[in-house]
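Observations on the three-dimensional arrangement
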Amino acid sequence: MKPIISFVELENRVISATYRRLMVRAKVVLVEKASGLQLPDPVTTIASPVPVGALRIRLPDTIKPGTYFLKALNGHGEDAAQSAEFEIG
């Protein structure tokens, strides 16, 4: 079964998301839709051995307004899952 990452909400520059079937050492990154660039910060690493959970990702002040999505990378750095797009204002 394929891993899933789901955007839940953005409030006070904190992204809430849930994931399923992501293993330990998987990374969740923020990607700007317009450029397709994976941002170097924030990067969240899954530390729980349980493959189901929730994330809270605080956005640094350097993140500009635009359309973004979350991308999950497996332990080998390969694309595993992608969330729906969302706006940062």
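Reference entry: report on the structure contained in this document. Bear in mind that the values here come from a model prediction, so they are computed numbers and not experimental data. (Residues numbered from 1 in each chain as written. Predicted model: local features only at pLDDT ≥ 70, side-chain atom pairs only at ≥ 80, totals over all residues. Heavy atoms only, no water.)

Focus: the environment of Val28
As for its position among the elements, Val28 is in strand 3 (residues 27-32). Separated by 30 residues in sequence, Val28 and Arg58 place their C-alpha atoms 12 Å apart. The residues touching Val28, leaving out its near neighbours within four places in the chain, are Ile5, Leu22, Pro42, Val43, Thr44, Ile46, Leu55, Ile57, Leu70, Lys71 and Ala72. (Helix = DSSP H or I, 4+ residues; strand = E, 2+ residues; numbered from the N terminus. Contact = heavy atoms within 4.5 Å.)

Observations regarding the pairing of strand 7 (residues 79-82)
Examined bridge by bridge, strand 6 (residues 66-73) and strand 7 share three bridges and lie antiparallel to one another. Within strand 7, the position partnered with Ala72 by the bridge is Ala81. (Pairing = 2+ DSSP bridges.)

Quick word on the nonpolar core
Grouped together as the largest cluster of nonpolar side chains are 21 residues, with contacts concentrated most on Leu22, Val28, Leu30 and Leu70. Breaking this core down by element, the ones donating at least two residues are strand 2 (14-20), strand 3, strand 5 (52-58), strand 6, strand 7 and strand 8 (86-88). (Core = buried A, V, L, I, M, F, W, Y, C linked by side-chain atoms within 4.5 Å. Buried < 20%, exposed > 50% of the residue type's maximum accessible area, 1.4 Å probe, protein only.)

Considering the side chain of Ser16
Position of Ser16 relative to the elements: it lies in strand 2. Judged by relative accessible area, Ser16 falls into the buried class, the value being 12%. Sequence-distant contacts of Ser16, defined by excluding residues within four places in its chain, comprise Ser6, Phe7, Val8, Glu9, Leu55 and Arg56.

Quick word on the pattern of salt bridges
A side chain with one charge may pair with a side chain of the opposite charge, provided their charged atoms come close. On inspection of all chains with the given rule, the structure shows two salt bridges. For the salt bridge of Lys33 with Glu85, the shortest nitrogen-to-oxygen distance reads 3.4 Å. Of the two residues, Lys33 is situated in the loop between strand 3 and strand 4 (38-45) and Glu85 in the loop between strand 7 and strand 8; the sequence distance between them amounts to 52 residues. (Salt bridge = Lys/Arg side-chain N within 4 Å of Asp/Glu carboxyl O.)

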